[in-house]
Each structure stands twice: as structure tokens, then as C-alpha cells.
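Chain and residue survey
This is what each chain is made of:
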Amino acid sequence: MLSICIPIYRYDVRPLVAELLRQAEEFPGEIEILVYDDASPDDGDWGREELRQTAGIRYVELSENLGRAAIRNKMARGANNKYLLMMDSDGWPNKGFLLTYFKMLWQLEAKNKFDFLFVGGRHYKKSPPASKYSLHWHYGHERESKPATIRNENRFLGFQSNNFLTTKSILLRHPFPEEAEGYGHEDTQWAQSLPKEEFWFFHLENPVIHLGLEPNDVFLSKQRQAIRNLALLKQQNLHLCTRLIDLVERYPRLTALAKHLPEKWMTNYLASRSRPNLLVLDLLKLKWWHTEKK
């Protein structure tokens, strides 16, 4: 019935696997758990030996790094069941996580609706972390942790690939775009390029807690990479829309202003404040966007 697909890279996924195996015991349907390691280097204890011996999962170690999009496509092809739950390795499920998804599957099967895309959402811990992780945590709380009612107001713009349920047939017909390299927005393009008439897309309240906070400098570096990817993907898909693209198109004077602001000041400000004004991050992204579009 359900294949849970978890790509990993330099992350210890053993606690998550144990929790999903526990919840699977209460799941009324057949479940398989796929864990694919995207060629993690030998620079830490990622639990390889224990995962190789864990019953109830299919653990695969790739010899070369495929990247965020290609590994998801590979897992979709390798899954045995018709329903796929795609999760990031650093998302912690709530207590009724699998049962909530099962109830949705049961309702859809009863109505003979088979092609769908459900996004469960993402939350962050309520208490702030150490200061070196504060930017990611603050950004997540302010920009990513939204209830399903808000996310459904603009369904495709709010797509998050860290926790979604769909059918294998959708991912086989419409795989993730593998052109972009590194981090960022391949999931945005994928969701917005799907033929809307082929399936039912809905955000529901079934979040995971995002545990893998990045240090402030790493978070900013990944944001920079995401803007580079976004510019590339926008060239390939003129209809692609994000919050940043909307800012660029609606407020050209703001982009013109941002390109003159000192990048070092903005990065220092964002990395040194526990709850910085995220408008500064928007301006920094606009500056990066202008650089990519030159």
C-alpha cells in the first residue's frame, strides 16, 4: 500500500527509522521503508552498520552522489507500492503521523480517487536553539511554519518536498527536474509544472518537526545556492513563481535598491541577531538575484 522514501546524506536517520517502524505497527495497510544514502562520505557515524541490519527497511548505499532531485526519482522507481510518502531525513513525525495519512488514503480509495498530492507541512521547535542556529530557526518559524488553511490559499506556491504523500504513477509520469545542481527550488518547479487537471492537490495538517538546523553561515550559503538555481530554473520555465520572483516583478525599485546595498553588512547582520528583520534577507536575495540576471 505505502512506500516511505527517505533519502539521506550525512545524517543519522536511525531514530527516525525506529519511530516510523513503531508507527507502522499500528498502520492498517502494508508499509515498506526505503532509506537511500546518497553517497555520504566516511566523515561521521551515520549508522550504516546498524541500518544494514535493521529489519523492516530497505537500506541502499549509492556509490555516487545523485542530488536531491535524482535520488527522489530513483526511489520512486524502486518503490513497490502505489502510494509514496516522501520525507526528509531531518523531519520528526508527530505521534499520529502515519495514521493521519492512512485515513486520507482510505477516504480516497472509497471515492475511487487515485492521483493526488498531499503536503503535510513543517514546524520547528518552539524554544530557540543556540545562537549559531538562530537564523534558520527564526526563518523557519516566520516563513515556513504555516497552518494548512494558509498554505491552501496558494497551494502550488507553498509546496514543501520534505513531507508529502502522492502516488507512484505521478512521480513516474512527472519526475523531479534534475537539471539544477546543489540546493534549492527543484521541488518548486516540480510542483508548479504538474498538470493541474490530472490530480487533486491539498495541504493538510500533518506536520513534521524540522530538526536539521543549519549554522547561520551554512544557511546563508544554501540560500545563495538556491537563488542561483532559481535563476536557472526560471530561464527554463517562465511561469515559475516564488515569493522572491513576485517581489522582483511587483517592486522593481526595491531590486534596484538592493543591488547597491553592501552584502557583507547584510550577512553580518543576519548572522549576528537572534531574531533579525527578515526584510534584510529579502534584500540580500534580491541583490543575489540581480547578480544572477546580469
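Everything that follows concerns the structure shown earlier in this document.
Quick look at the structure, then.

What counts and how
- Residues numbered from 1 in each chain as written.
- Predicted model: local features only at pLDDT ≥ 70, side-chain atom pairs only at ≥ 80, totals over all residues.
- Heavy atoms only, no water.
- Pairing = 2+ DSSP bridges.
- Helix = DSSP H or I, 4+ residues; strand = E, 2+ residues; numbered from the N terminus.
- Axes fitted to C-alpha atoms, helices over the stretch in contact; angles between N-to-C directions.
- Contact = heavy atoms within 4.5 Å.
- Salt bridge = Lys/Arg side-chain N within 4 Å of Asp/Glu carboxyl O.
- Buried < 20%, exposed > 50% of the residue type's maximum accessible area, 1.4 Å probe, protein only.
- Phe/Tyr/Trp six-rings, centres within 6.5 Å; stacked < 30°, edge-to-face > 60°.

Here we come to the sheet that holds strand β2 (residues 31-37). Taking strand neighbours across the sheet as the criterion, the 7 strands line up as β3-β2-β1-β4-β8-β6-β9 in an open arrangement whose pairing is mixed. Pairing within the sheet leaves two strands with one partner each, and these edge strands are β3 (57-61) and β9 (200-203). Going from strand to strand, the sheet's axes swing by 15° on average, the running direction of each strand aside. Across 5 bridges, strand β4 (residues 83-87) lies against strand β8 (residues 163-167) in antiparallel orientation. Bridge assignment links Leu84 to a residue of β8, and that residue is Thr166. Here helix α1 (residues 14-24) sits on the sheet and contacts β1 (2-8), β2, β3 and β4; the angle it forms with β2, its principal contact strand, is near 170°.

Here the focus is the pattern of salt bridges. The tally for this structure, following the rule as stated, stands at 23 salt bridges. For Lys222, the salt bridge identified is with Glu214, shortest N-O distance 2.7 Å. According to the relative accessible area criterion, Lys222 is partly exposed, its value standing at 30%. Here Arg250 ties to Asp246 by a salt bridge, and the two come within 3.2 Å at their closest N and O atoms. Of this pair, Arg250 and Asp246 both sit in helix α10 (residues 243-250), 4 residues apart, roughly one helical turn. Residue class for Asp246 comes out partly exposed when judged on its relative accessible area of 29%. Look at the salt bridges and you will find they share partners, linking Asp37, Asp42, Arg48, Glu49, Arg52 and Glu61 into a network.

Applying the stated criterion across every chain yields a total of 17 aromatic pairs. Arranged with centres 6.5 Å apart and planes meeting at 75°, the rings of Phe156 and Phe199 form a pair that is edge-to-face. Taken together, the residues Phe156 in the loop between α6 (148-151) and β8 and Phe199 in the loop between α8 (186-193) and β9 connect sequence positions 43 residues apart. You can call Phe199 buried: its relative accessible area is 12%. Arranged with centres 6.4 Å apart and planes meeting at 40°, the rings of Phe199 and Phe201 form a pair that is tilted. The same class applies to Phe199 and to Phe201, which are both buried.

The values reported here are purely geometric and, on their own, carry no functional implication.
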